Amino acid sequence: MDDLERAILISFDETGSFDSGLKSQAIDYCQRIKETPSISSICVERLWRTESVPVQFWCLQCLHDVIRARYSQMGSDEKDFIRRSVFSIVCVDDGKNLLVRGVGSPAYIKNKLAQVLVSLIRFEYPMVWSSVFLDLLSHLSKGVVVIDMFCRVLNALDDELISLDYPRNAEEVADARRIKDAMRQQCVSQIVRAWYDIVSMYRNSDSELCVSVLDSMTRYISWIDIGLIANEVFIPLLFELILVDGLPAQLRGAAAGCLLAVVSKRMDQQSKLTLLQSLKVNRVFGLVAKDTDSELLSSIAELLTGYATEILDCSKGMTSEDGKRISAELLDEVLPSVFFVMQNDDIDETFSVIQFLSGYVATMKSLSTLTETQLLHMTQILEVIRSQICYNPFYRDHLEVLDKIGKEEEDRMLDHRKDLLILLRSVGRAAPDVTQAFIRNSVASAVASSLDSNVEEVEAALSLFYALGESMSDEAMRSGSGPLGELVPMLLSTKLPCHSNRLVALVYLETITRYMKFVHENSQYIPMALAAFLDERGIHHPNVHVSRRASYLFMRVVKLLKSKLVPFIRTILQSLQDTVAQFTNMGFSVKEVSGSEDGSHIFEAIGILIGMEEVPLEKQSEYLSSLLTPLCQEVKVLLESSKASNLQDSSTNVLVIKQIVMAINVLSKGFSERLVTASRPAIGLMFKRTLDMLLQVLVVFPEVESLRSKVASFVHRMVETLGAAVFPYLPKALEQLLAQSEPKEIVQLLVLLNQLICKFKASVRDILEEVFPIIASRVFTILPRDVFLSGPVGNTEEVRELQELQRTLYTFLHVIATHDLSLVFLSPKSTSYLEPMMQLLSYTSCHHKDITVRKACVQIFIRLIKDWGNKSNGEEKVPGFQRFVLEAFATNCCLYSVLEKSFEFRDANTHILFGEIISAQKIMYEKFGDEFLAHFLTKGLLATHCSPELVEQYRQKLMSNDIKAFKSFYQSLIEHLRHQQNGSLVFR
């Protein structure tokens, strides 16, 4: 072993036997050798004598790279040497050829050798080496090894140059065209003859070799003369290979692949139809019903689907009646086999079959009426859909407990069903009566089933009925058109033997919810619908996933039926007593269910029911009291227990209190502000007492963030429910929420204050004057003015919290300014924060990365200028405000920030910001007059070397009443100044 071979072995080592330094040296050494002029002879010499696979691969790769990169610079002697050497290695089978002899040489070495030869063919055929394919054919008599290499060369030629499965540049396309044209003229017929002879000779002795030949054939049929294959010699051989039972499945499948290539050959439709008719593909139909190997069956399925697709394409373009008749007959003949395969076997060709069926159904939709045979085909397609959407019973237990395997299978089936359900809708439009009858029969069969073993079939039938509703109008649902009038009552009155199964129970509930509009119009079915949700089929189902989903769906049903449920409220509440009590049970509260279905929707449903004005006051008070009193009492007990034990984070108590607060919160959503404050204040009094009790949670657990969040959410709800009646409770709530200084806590508080301002406007001024200085002191401490303004500085939780605080702060300031509350900033306690606030707003309006935040800051300035810009007896309302606006905001935001190239006028949000900046200039001129003009023109425009003529135009446009003309002029002025400064604002 010399230095080169040793270096190659070290560079290829993946075991870690050599240190990185040595490996790096080895790679460098190999690279230097590769760049030597004699690299071709070095590689060829080693290929003849080395048995080391890494060395063989390195040498072949070198030759490949050298030919591709340096062929045009090579001398004729070097080209001739490489040509003779590579061809000899490919075709010599004398026992000395270490690369291609027998099974000892890895397939990837042979493939790489074929790739090297193909790189020569690309440059030399047919101009220089016109006989390459004929030379290869002349050596096939040497046996299996050379035949195998011949197939690999053909495959490599297809992969590297001819196949359109890979993107090709114009040069590659031209080379491929040149080579194919030459091969058609010179050697394709000989190659086809060789394929036939090899397969005929080795079919019983070397099936693997025959598979290689057939795979090569499949690649080439698309562009050679189809008559060379579709004839009385080759086609019988292919069918014989497919139909003989004793042959290996892989060989039979490869023959089917060749036949599919023949079927898929592009040609005019009449010629194609003649070809398809002559092939007599019906000879293989019988294979689908036999106990056929799954690999072979997949190939047959692909053949049948391709054959049917081609017939369908022909039928669309047929103008003659004879052509239409023949294509219809061929299609009718093949479809049963396609349906059979889809219904009875798990094959890999599902997607292509669905594509074909979708095309077939689309064709049927274009017909005015369907024949009996076509209607039968529609039914068979529905059978295919039903069989394909059925879960595999193997996964039943996994799907029931929804473990990792079950979740993966459920996700897979969800994805698998998408195209099938689209196909279902297409069939429904092409043959509505057939589709409705099929679904009616499927559901009726599922309901009548007395066996628990039919779980998957029942689930599939219900899924079909559910999917039917996607294409039904509201009017059709209400009237119970089609099978609805029969099926909905049937389902509502049915308890399936397999109802305990999670999937069946879920699709059952989803289905009856989808068709609840029918129940809305047919009130006699309401008791049955309620029973379905309230018994063990729904909310009382033993599976927690089902029961919580049922709670959510029941809430939706209650929203829909509303006043129609008033007579049933007592019955509903009695049925839900155990569920309501269980919600605050420790075991229930820790059960994890994905998504937002935590069980609280049952309280929302109850709130909607008992919160209706149609419920008499006496009953309403009774129902609400029966819910709130025990819940509040339980909170009181838990709080006293926590205070007594002095436990700040009693996990059990915290979890239960969280559940209770969440339940009361969603319960209250059913009660309108008008009802609890105007028409029935007694109801409002109950919620006030509840609010008073729950605010104690913040006192006892001041540092438990999850609890604070739940209580804050309830305060939000009470603002909407109690309206102005919530005011007496706000000081206590805000005091507790102000107790914490973490960014998340402050965000919560700011959001609440924004809600209060938007709802009550000036009425909250006194509250704001108390809390604003506290908030300002904390925010300005936590949040430096330039934090995150220029771009992201990290993605940690802490950074995200500060970013959220920053966004919420600007919203808060904007809400105050735009709701006539700017005097809050001037209250005695707040004046010390006025300057840092103004500095922050000014800086942000110029530099923040979020354009919408910059827009909000400009809008704040506009409101403050309107509120504070007037003078009384020559005195400013806010001393120093005008000077600050002119010096910090006017030039920096309205001029310099707009001159930045990052200010992109084509961006929609930026264009809106620009409009606000225009408004700001108009407002400043309106309030400050010539003082604004003098400052902006001298310190702004003239400082940017703007010409006096443009400055004068600016003055005139600003003073005019045409704001659109001013905006258009100012944009052109900015673009002119940018061009003048060439993007470099040196004056700044």
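Residues numbered from 1 in each chain as written. Predicted model: local features only at pLDDT ≥ 70, side-chain atom pairs only at ≥ 80, totals over all residues. Heavy atoms only, no water.

Trainee: Give me the overall build of the protein: which residues, what numbers.
Mentor: Counting secondary structure elements, the protein contains 48 helices and two strands. Summarising its shape, the C-alpha atoms of the protein cover approximately 110 × 85 × 65 Å along the three principal directions. Taken over 988 residues, the protein has a buried fraction of 53%. Sequence separation of 24 or more characterises 74% of the internal contacts of the protein that already satisfy a separation of 6 or more. As displayed, the protein offers around 43400 Å² of accessible surface, 51% of which is attributable to carbon and sulfur atoms. Each charge sign in the protein was given a centre, from 102 positive and 121 negative side chains, and these centres are 5 Å apart. (Helix = DSSP H or I, 4+ residues; strand = E, 2+ residues; numbered from the N terminus. Buried < 20%, exposed > 50% of the residue type's maximum accessible area, 1.4 Å probe, protein only. Contact = heavy atoms within 4.5 Å. Areas by Shrake-Rupley, 256 points an atom, 1.4 Å probe, with all protein chains shown as cover. Lys, Arg positive; Asp, Glu negative; His and termini not counted. Charge placed at Lys NZ, Arg CZ, Asp CG, Glu CD.)

Trainee: Mind laying out the packing of helix α32 (residues 601-610) against helix α33 (residues 617-645), listing which residues take part and the relevant values?
Mentor: For the pair α32 and α33, interaxial distance at closest approach is 10 Å and the crossing angle is 150°. On the basis of their axis angle, the class for α32 and α33 is roughly antiparallel. Taking contact as the criterion, the partners of F603, I606 and I610 in α32 are, on α33, Q620, Y623, L624, L627 and L631. Residue composition of the contact of α32 with α33, grouped by class: seven nonpolar, one polar and no charged. (Axes fitted to C-alpha atoms, helices over the stretch in contact; angles between N-to-C directions. Parallel < 35°, antiparallel > 145°, perpendicular 65-115°, else oblique. Nonpolar A, V, L, I, M, F, W, Y, C, P; charged D, E, K, R; others polar.)

Trainee: Give a description of the packing of aromatic side chains that names residues and reports values.
Mentor: Applying the stated criterion across every chain yields a total of 29 aromatic pairs. Here Y125 and F133 contribute two aromatic rings whose centre-to-centre distance is 5.0 Å and whose plane-to-plane angle is 90°, an arrangement assigned as edge-to-face. Note on Y125: relative accessible area 0%, which makes it buried. Ring centres of Y954 and Y970 lie 5.8 Å apart, and the angle between their planes is 50°; on these two criteria the pair is classed as tilted. Of the two residues, Y954 is situated in helix α47 (residues 948-959) and Y970 in helix α48 (residues 963-981); the sequence distance between them amounts to 16 residues. According to the relative accessible area criterion, Y954 is buried, its value standing at 0%. Looking at Y970, the relative accessible area reads 0%, which means it is buried. In textbook terms, an aromatic cluster arises when at least three aromatic residues are bridged by ring pairs, as seen for F903, F905, F914, F932, F936, Y954, F966 and Y970. The aromatic ring of Y71 is capped on one face by K79, whose charged end is 4.3 Å from the ring centroid. Between the NZ or CZ atom of R283 and the centre of the ring of F239, over which it lies, the distance is 3.6 Å. (Phe/Tyr/Trp six-rings, centres within 6.5 Å; stacked < 30°, edge-to-face > 60°. Lys NZ or Arg CZ within 6 Å of the ring centre and 35° of its normal.)

Trainee: Run through helix α5 (residues 76-91), naming residues and quoting values.
Mentor: Under the 1.5 Å per step criterion, the end-to-end length of α5 is 22 Å for 16 residues, consistent within 8% with the ideal 22 Å. Looking at α5, one finds that the buried residues are K79, I82, R83, S85, V86, F87, I89, V90 and C91. Contacts made by the buried residues of α5 are with α3 (39-49), α4 (53-70), α6 (107-124), α7 (132-138) and α8 (144-162). (Expected span 1.5 Å × (residues − 1).)

Trainee: Any details on α6? Residues and values, ideally.
Mentor: For α6, with 18 residues, the first-to-last C-alpha span of 26 Å sits near the 26 Å given by 1.5 Å per residue. Among the 18 residues that make up α6, 14 are buried, leaving the element largely enclosed by the rest of the structure.

Trainee: Before we move on, could you go through the pattern of salt bridges and cite the residues and values that matter?
Mentor: A side chain of one charge can pair with a side chain of the opposite charge if their charged atoms are brought near each other. Under the criterion given, the structure shown has 56 salt bridges. Two residues, R325 and E329, come together in a salt bridge whose shortest N-O distance is 3.1 Å. Of this pair, R325 and E329 both sit in helix α16 (residues 321-344), four residues apart, which is roughly one turn of the helix. Residue R325 is classed as partly exposed on the basis of its relative accessible area of 42%. With its nearest N and O atoms 2.9 Å apart, the salt bridge here joins R800 to E797. Of this pair, R800 and E797 both sit in helix α41 (residues 797-818), three residues apart, which is roughly one turn of the helix. (Salt bridge = Lys/Arg side-chain N within 4 Å of Asp/Glu carboxyl O.)

Trainee: Before we move on, can you summarise unusual backbone geometry with the specific residues and values?
Mentor: Cis rather than trans, the peptide bond between Y125 and P126 has omega equal to 0°. Its identity is not glycine, yet K280 carries a phi of approximately 55°, on the positive side. By secondary structure assignment, the location of K280 is in the loop between α14 (269-279) and α15 (294-317). Positive phi outside glycine occurs at D820, with the angle close to 60°. You can see D820 is positioned in the loop between α41 and α42 (834-847). Overall, D820 belongs to the exposed group, its relative accessible area being 60%.

Trainee: Summarise the confidence of the model for the protein; cite the residues concerned and give the values.
Mentor: For the protein, the average pLDDT comes to 91, and 94% of its residues sit at 70 or higher. Contacts for the low-pLDDT stretch residues 787-792, under 50 throughout, to residues beyond four places or in other chains number 15 contacts. (pLDDT = per-residue confidence, 0-100.)

Trainee: Requested: an account of the state of the cysteines, with residues and values cited.
Mentor: For the coordinates displayed, the defined rule picks out zero disulfides. You can see C846 has no disulfide; the closest cysteine sulfur is in C893, sitting 4.7 Å from it. This cysteine, C946, is not joined by any disulfide, and C894 carries the nearest cysteine sulfur, 15 Å off. On the basis of relative accessible area, C946 is assigned to the buried category, the value being 4%. (Disulfide = S-S within 2.5 Å.)

Trainee: Lay out the side chain of H377 in plain terms, naming residues and giving numbers.
Mentor: Positionally, H377 belongs in helix α18 (residues 372-388). The contacts of H377, once residues within four sequence positions are left out, are D332, L335, F339 and Y360.

Trainee: Residues and numbers for the nonpolar core, please.
Mentor: Core analysis: the largest hydrophobic core is formed by 353 residues, its most contacted members being M183, W195, M378, F554, I610, F812 and Y954. Each residue touching F554, except ones within four places of it in the same chain, is listed here: L530, F533, L534, I539, I572, L576, I602 and A605. (Core = buried A, V, L, I, M, F, W, Y, C linked by side-chain atoms within 4.5 Å.)

Trainee: Which residues make up the environment of S827, and what are the values?
Mentor: Within the secondary structure, S827 sits in the loop between α41 and α42. Residue classification places S827 among the buried positions, given a relative accessible area of 6%. Remark: the alpha-carbon pair of S827 and D766, spanning 61 residues in sequence, is separated by 10.0 Å. Separated by 3.1 Å, the side chain of S827 and the backbone oxygen of V824 make a polar contact. (Polar contact = N/O pair within 3.5 Å; in protein donor to acceptor, adjacent residues only side chain to side chain.)

Trainee: Before we move on, could you go through the packing of α42 against helix α43 (residues 851-868) and cite the residues and values that matter?
Mentor: It is at 8 Å that the axes of α42 and α43 come closest, and there the two elements cross at 135°. Taken together, the axes of α42 and α43 lie oblique to each other. Viewed along their axes, α42 and α43 form a crossing whose handedness is left-handed. Taking contact as the criterion, the partners of L834, M838, L841, S842, T844, S845, C846 and H847 in α42 are, on α43, V853, R854, C857, V858, I860, F861, L864 and W868. (Left-handed = near helix turned anticlockwise from the far one by under 90°.)

Trainee: Run through the environment of Q981, naming residues and quoting values.
Mentor: Summarising the element assignment, Q981 is placed in helix α48. By relative accessible area, which is 12% here, Q981 ends up buried. The spacing of Q981 and H945 is 36 residues in sequence and 8.8 Å in space, taken between C-alpha atoms.

Trainee: Tell me what's going on with the side chain of E310, and back it up with residues and numbers.
Mentor: Relative to the elements of secondary structure, E310 occurs in helix α15. E310 sits in the buried class, given a relative accessible area of 8%. Those residues in contact with E310 that lie beyond four places of it in its chain are V263, S264, R266, K272 and L276.

Trainee: Tell me about the environment of Q740, and please be specific about residues and values.
Mentor: On the secondary structure map, Q740 appears in the loop between α38 (730-737) and α39 (743-760). Taking relative accessible area as the criterion, Q740 reaches 18% and is therefore assigned buried. Separated by 205 residues in sequence, Q740 and H945 have C-alpha atoms that sit 52 Å apart. Residue contacts for Q740: discarding those within four places in its chain leaves P702, E703, R708, E745, I746 and R778.

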